[in-house]
Amino acid sequence: MRLSRRVSACFSSLQTRALAACLSGGLLVAGASVQAEEAAGNTRWVSDTLSAYVRSGPTDGYRIVGTLTSGQKVELLRTQDDYSQVRGENGSAVWIPSRDLQDLPGQTQRLPQLEQKVAELSAELEGINDTWKTRVQGMQETLDSRKALIDELQAARASLDGELSQARSELREVQAQLGDENKQVLMRYMVYGGSIAGAGLLVGLILPTMLRVRRKRNDQWV
């Protein structure tokens, strides 16, 4: 149980780190790719101010002919001193202070793109999260099944140890009984042998005496 908890905690920590790293890296890559794509060529954007006045010439002495809104996309035609000539969406060429232009899209244009990238990365991370959960669940199930198998083997071993101990005890009892029976049989053989030897000795002593007595009687009759 402790092993499974440690594995789950380890995978959860690795999963959190992987998700954070992927999200951070994805946002950086998304921002860099958007900036690289939009900064190519002569494309420029009006800086993030409310509005910028445009003039008919490259100095403050020329009259104001209109305004460009924040984040509006324009085409850079040329630059002269502190002014840049740009072409707006209506096709007219006007002059705008170079400080009011920037090489990157404004916040109003970059934010939807970044939000889309974040949504895509979130979906991808969600898929990774589901994959990690599936793998962790599979490993957890494997650990549980192995733990159950180990418990079964331990229980079987304990049962076999008990049976072995009982068999050894029964064997000792049988050996003890066999020893007693061997002793009894040996004693019987000794008694039987002693009886036979005693009977033979008795016969050996009595038979000569009987023969002598019988001879004496025969001699007297003669």
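Residues numbered from 1 in each chain as written. Predicted model: local features only at pLDDT ≥ 70, side-chain atom pairs only at ≥ 80, totals over all residues. Heavy atoms only, no water.

**Points about the overall build of the protein**
Okay, step 1: Helix and strand counts for the protein come out as two helices and seven strands.
Okay, step 2: Relative to its full complement of 222 residues, the protein shows a buried share of 18%.
Okay, step 3: In the protein, once contacts between residues fewer than 6 apart in sequence are set aside, the share between residues at least 24 apart is 54%.
Okay, step 4: As displayed, the protein offers around 16,700 Å² of accessible surface, 57% of which is attributable to carbon and sulfur atoms. (Helix = DSSP H or I, 4+ residues; strand = E, 2+ residues; numbered from the N terminus. Buried < 20%, exposed > 50% of the residue type's maximum accessible area, 1.4 Å probe, protein only. Contact = heavy atoms within 4.5 Å. Areas by Shrake-Rupley, 256 points an atom, 1.4 Å probe, with all protein chains shown as cover.)

**Concerning unusual backbone geometry**
Okay, step 1: Phi at Asp 81 takes a positive value of approximately 55 degrees, unusual for a residue other than glycine.
Okay, step 2: Here Asp 81 shows up in the loop between β4 (73–80) and β5 (83–87).
Okay, step 3: Asp 81 sits in the exposed class, given a relative accessible area of 67%.

**Here we look at the nonpolar core**
Okay, step 1: Core analysis: the largest hydrophobic core is formed by nine residues, namely Ala 52, Val 54, Leu 68, Val 74, Leu 76, Val 86, Val 94, Ile 96 and Leu 101.
Okay, step 2: Of all the elements in the fold, those that place two or more residues in this core are β2 (51–55), β4 and β6 (93–97). (Core = buried A, V, L, I, M, F, W, Y, C linked by side-chain atoms within 4.5 Å.)

**So, the pattern of salt bridges**
Okay, step 1: Inspection of the entire model under this criterion finds two salt bridges.
Okay, step 2: A salt bridge links Glu 75 to Arg 87; the nearest nitrogen and oxygen atoms lie 3.9 Å apart. In this pair, Glu 75 sits in strand β4 while Arg 87 sits in strand β5, placing the two residues twelve residues apart along the sequence.
Okay, step 3: Taking relative accessible area as the criterion, Glu 75 reaches 39% and is therefore assigned partly exposed.
Okay, step 4: Between Asp 151 and Lys 147 there is a salt bridge, with the nearest N and O atoms lying 3.4 Å from each other. With Asp 151 and Lys 147 both in helix α2 (residues 107–221) and four residues apart, the pair spans about one turn of that helix.
Okay, step 5: We classify Lys 147 as partly exposed; its relative accessible area is 38%. (Salt bridge = Lys/Arg side-chain N within 4 Å of Asp/Glu carboxyl O.)

**Brief notes about the confidence of the model for the protein**
Any segment with low pLDDT has predicted coordinates that should not be analysed in fine detail.
Okay, step 1: The predicted model of the protein has a mean per-residue pLDDT of 75, with 70% of residues at 70 or higher.
Okay, step 2: When pLDDT is averaged over each element of the protein, β5 comes out on top at 93 and helix α1 (residues 2–39) at the bottom at 47.
Okay, step 3: The low-confidence segment residues 1–11 (pLDDT under 50) makes eleven contacts with residues lying over four places distant or belonging to another chain.
Okay, step 4: Scored below 50 in pLDDT, residues 34–39 makes eleven contacts in the model with residues more than four places away or belonging to other chains. (pLDDT = per-residue confidence, 0-100.)

**Here we look at the pairing of β5**
Okay, step 1: Judged by how many residues are buried, β5 sits mostly within the fold: four of five residues are covered.
Okay, step 2: With five bridges connecting them, β4 and β5 associate as antiparallel partners. Bridge pairing in β5 links Thr 79 to Ser 84.
Okay, step 3: Bridge analysis of β5 against β6 gives five bridges, and the strand direction is antiparallel. Bridging across to β6, Gln 85 finds its partner in Trp 95.
Okay, step 4: Counting the residues in the hairpin turn of β5 and β6 gives five residues, including Gly 91, whose phi is positive at 90 degrees. (Pairing = 2+ DSSP bridges.)

**Here's the deal with the environment of Tyr 53**
Okay, step 1: Along the chain, Tyr 53 falls in strand β2.
Okay, step 2: A relative accessible area of 51% places Tyr 53 in the exposed class.
Okay, step 3: Distance in space between the C-alpha atoms of Tyr 53 and Ile 64 is 6.5 Å, their sequence separation being eleven residues.
Okay, step 4: Ignoring any residue separated from it by four or fewer positions in sequence, one finds Tyr 53 in contact with Ile 64, Gly 66, Thr 67, Trp 95, Ile 96 and Pro 97.

**Here's the deal with the environment of Ser 56**
Okay, step 1: Its place among the elements puts Ser 56 in the loop between β2 and β3 (64–69).
Okay, step 2: A C-alpha to C-alpha distance of 9.2 Å links Ser 56 and Gln 85, two positions 29 residues apart in sequence.
Okay, step 3: The residues touching Ser 56, leaving out its near neighbours within four places in the chain, are Tyr 62, Arg 63, Val 65 and Trp 95.

**Focus on the side chain of Arg 55**
Okay, step 1: Mapped onto the elements, Arg 55 comes out in strand β2.
Okay, step 2: No salt bridge is formed by the buried Arg 55; the nearest opposite charge belongs to Asp 60, separated by 4.1 Å.
Okay, step 3: Within the local environment of Arg 55, its side chain forms a polar contact with the side chain of Tyr 83, the two groups lying 3.4 Å apart.
Okay, step 4: Residues within four places of Arg 55 in sequence aside, it is in contact with Asp 60, Tyr 62, Arg 63, Ile 64, Val 65, Tyr 83, Val 94 and Trp 95. (Lys, Arg positive; Asp, Glu negative; His and termini not counted. Polar contact = N/O pair within 3.5 Å; in protein donor to acceptor, adjacent residues only side chain to side chain.)

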